[in-house]
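Residues per chain are reported as follows:
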Amino acid sequence: MNILILSWRGPGHPNAGGAEQVTHEHAKGWVKAGHDVTLFTSMYKGAKKEEVMDGVKIKRAGDQFFGVKIYAFLWYFFGKHPKFDLVVDEFHGIPFFTPLYVRTRKLAFIHEVAKGVWKLNPWPRPFNFIPAFFGPLIESLTFKFIYKKNVFMTVSESTKKDLIASGILSKNIRVVFNGVKVSTLKKKFDKEVKKTGIFLGSLSYDKGLLDIVKIIGAIDRKDDNWQFWIVGNGLPEYINYINEKARELGVEKKI
């Protein structure tokens, strides 16, 4: 088959995370199975407009939020490409709305229904109330009126339940759990002497870091033989905000 994947971020994007890695692993598997796979995704500084990675043809255009969706629509209708047998429409809050213009077979791919996460957007006040209010509303209407008859692939039973609650038929949802890479680390690290917890991921508003800091603040600190690592990258102002909260709770030396 000729398979097209539409995703807001792709391999190499500075903000790419677990969802993008999973998508690429699926694409690699489809290539290995003999299919032709094209990924249409957003541009970023220093990226190539076109390249082939692990057998996947990658095309980039537009910004990660709205631009890539407009360019994908225009390219699908007016660009030079083969006829696709399957179009994978990846959700990240806002999908590509392929049911409105794609007539071939479609698969919606979603990791989570955003719901309350819209409130955790990084927009400055008072503009942060715009996605907080309109995001859940648009998301709900999108499921009920645009994707209601679509087939969905998701990664967990909890997301399946959220999709059903959003109006998607249970028979149209397939759960394909994420895999794990078990390759050995090239560099070995000595085990910490202190009891150590760790958060590894994107340092952003929607990842629950503030909850972690509050929990650490509630732990009995008479036992001094423990520490917690927060490992990742994110907006400087958010990192400063987390550090400030840690100081307020008196746990800055523990984190």
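A. The nonpolar core, seen in detail. Counting 15 residues, the largest nonpolar core has Ile 3, Ile 5, Trp 30, Val 37, Val 56, Val 88 and Phe 109 as the members making the most contacts within it. When residues of this core are traced back to their parent elements, those giving at least two are strand E1 (2-6), helix H1 (18-32), strand E2 (36-41), strand E4 (56-60), strand E5 (86-90) and strand E6 (105-110). Of the residues forming this core, the biggest block, three residues, is contributed by H1. Leave out the neighbours within four places in its chain, and Trp 30 touches Ile 3, Ile 5, His 35, Val 37 and Val 88.

B. Summary view of the sheet that holds E5. Sheet architecture is open: eight strands sit in the order E3-E4-E2-E1-E5-E6-E7-E8, paired in mixed fashion. Across the chains shown, the open sheet's two edge strands, defined by having one partner strand only, are strand E3 (50-53) and strand E8 (173-175). Averaged over all adjacent pairs, the angle separating strand axes in this sheet is 25°, with direction ignored. Bridge count between E1 and E2: five bridges; the pairing is parallel. Looking across to E2, one finds that Ile 5 is bridged to Leu 39. Sheet strands in contact with helix H2 (residues 67-78) are E1, E2, E4 and E5, and its direction is about 135° off that of E2.

C. Structural detail: the pairing of E5. With five of its five residues buried, E5 lies for the most part within the structure. Residues Leu 86, Val 88 and Glu 90 of E5 are buried on one face, and the alternating residues Val 87 and Asp 89, pointing to the opposite face, are buried as well. When E1 meets E5, the two strands line up parallel, connected through four bridges. Bridge assignment links Ile 5 to a residue of E5, and that residue is Val 88. Pairing of E5 with E6, which is carried by five bridges, proceeds in the parallel orientation.

D. Just unusual backbone geometry, in detail. Positive phi values are uncommon outside glycine, yet Asp 54 reaches one of about 55°. Look at Asp 54 and you get partly exposed, because its relative accessible area is 47%. Backbone geometry places Phe 97, a non-glycine residue, at a positive phi of 55°. Along the chain, the position of Phe 97 falls in the loop between E5 and E6. Looking at Phe 97, the relative accessible area reads 24%, which means it is partly exposed.

E. Representation of the environment of Ile 168. Here Ile 168 shows up in the loop between helix H4 (157-165) and E8. Residue class for Ile 168 comes out buried when judged on its relative accessible area of 2%.

F. A look at the packing of aromatic side chains. In total, this model carries 16 aromatic pairs according to the counting rule given. Here the aromatic rings of Phe 91 and Phe 152 are separated by 5.7 Å at their centres, their planes lie at 50°, and the arrangement is tilted. Here the residue Phe 91 occupies a position in the loop between E5 and E6, and Phe 152 occupies one in strand E7 (residues 152-154), the gap between them amounting to 61 residues. For Phe 91, a relative accessible area of 4% puts it in the buried group. We classify Phe 152 as buried; its relative accessible area is 0%. Between Phe 143 and Phe 152, the aromatic rings sit 6.1 Å apart at their centres with planes inclined by 50°, giving tilted as the arrangement. Pair check on accessibility: Phe 143 and Phe 152 agree, each one buried. Here a set of aromatic residues connected by ring pairs shows up, and it is made of Phe 73, Tyr 76, Phe 77, Phe 78 and Tyr 101.

Rules used throughout
- Going along each chain's sequence as written, the residues are numbered from 1 onward.
- Per-residue local features are limited, in this predicted model, to residues with pLDDT of at least 70; the limit for side-chain atom pairs, both in listing and counting, is 80 or more; totals at the level of whole chains, interfaces and linings are taken over all residues.
- Neither water nor hydrogens contribute to the side-chain values; these are computed over all heavy atoms in the structure.
- Take the buried residues of types Ala, Val, Leu, Ile, Met, Phe, Trp, Tyr and Cys, join any two whose side-chain atoms come within 4.5 Å, and each joined set is a nonpolar core.
- Burial here depends on accessible area, computed with a 1.4 Å probe over protein chains only, as a share of the maximum for the residue type. Under 20% is buried, over 50% is exposed, and the range in between is partly exposed.
- The helix and strand labels rest on DSSP assignments: H or I over at least four residues marks a helix, E over at least two residues marks a strand, and numbering proceeds from the N terminus.
- Any pair of residues with heavy atoms lying within 4.5 Å of one another is described as a contacting pair.
- Criterion used throughout: strands pair if DSSP finds at least two bridges between them.
- All axes are obtained by fitting lines to C-alpha atoms, using only the stretch in contact for helices, and the reported angles, taken between N-to-C directions, cover 0 to 180 degrees.
- Each Phe, Tyr or Trp ring, with Trp reduced to its six-membered ring, pairs with another whose centre is within 6.5 Å; inter-plane angles below 30 degrees give stacked pairs, above 60 give edge-to-face pairs, and intermediate values give tilted ones.

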